[in-house]
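# Fold and geometry: a report
Chain residues, written in single-letter form:
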Amino acid sequence: MSAGFVVPDPSRCVQCGICSYNCPIGIDVRAHAWLGRPVKHGECLTCGECVARCPRGVLRFELPETGREIGA
Ligand code: SF4
Ligand code: SF4
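Just so you know, the residues in each chain are numbered from 1, in the order the chain's sequence is written. All chains are assigned letters beginning at A, and all ligands numbers beginning at 1, according to the order in which they are written. In keeping with the predicted nature of the model, local features appear solely for residues at pLDDT of at least 70, side-chain atom pairs appear and are counted solely at 80 or more, and the whole-chain, interface and lining totals rest on all residues. As a convention, hydrogens and water are excluded, and side-chain values are obtained from all of the structure's heavy atoms.

This brings us to the site of ligand 1. Near ligand 1 there are 14 residues, and of these Cys13, Cys16, Gly17, Cys19 and Cys54 occur at the shortest range. By definition, any uninterrupted DSSP run of H or I lasting at least four residues is a helix, any uninterrupted run of E lasting at least two residues is a strand, and each is numbered from the N terminus. Going through the elements one at a time, helix H1 (18–22) and helix H2 (29–35) are the ones with two or more residues in the shell around ligand 1. Polar here means any residue outside two lists: the nonpolar Ala, Val, Leu, Ile, Met, Phe, Trp, Tyr, Cys and Pro, and the charged Asp, Glu, Lys and Arg; Gly therefore counts as polar. A per-class count over the shell around ligand 1 returns ten nonpolar, two polar and two charged. Being near a molecule or strand, for a residue, comes down to having at least one heavy atom within 4 Å of it.

And the structure:
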């Protein structure tokens, strides 16, 4: 488990969907990557599966201190 939330770099995403496929609670991470939007779901387990599985290095964790928007 990690603190923070998942942030995509949309310029690197190839929309393969591996991230969404591997999310244990079914968050559509690919859609977030497409739009360049952080995954700020209250349900996100911050398990890191999407980050670990992305073959393009699109996803990373960002700590809430840098965004001040977690829980919004
Ligand atoms: S696994 Fe990575 S490259 Fe594939 S859709 Fe998800 S963010 Fe994009
Ligand atoms: S960190 Fe885990 S729960 Fe959150 S979006 Fe990625 S795979 Fe899903």
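So, next bit.
A few words on the environment of Ala31. With respect to the helices and strands, Ala31 occurs in helix H2. Its relative accessible area of 28% is what places Ala31 among the partly exposed residues. Separated by eleven residues in sequence, Ala31 and Ser20 place their C-alpha atoms 8.5 Å apart. Relative accessibility under 20% of the residue-type maximum defines a buried residue, over 50% an exposed one, and the middle range a partly exposed one, all with a 1.4 Å probe and only protein chains included.

Leaving glycine aside, a negative phi is the common case for residues, and trans is the common case for peptide bonds. Here Gln15, not a glycine, exhibits a phi torsion of approximately 60 degrees, which is positive. With respect to the secondary-structure elements, Gln15 resides in the loop between strand S1 (5–8) and H1. In the Ramachandran plot, Thr46 falls in the positive-phi region, its phi being about 45 degrees despite a non-glycine side chain. Its relative accessible area of 13% is what places Thr46 among the buried residues.

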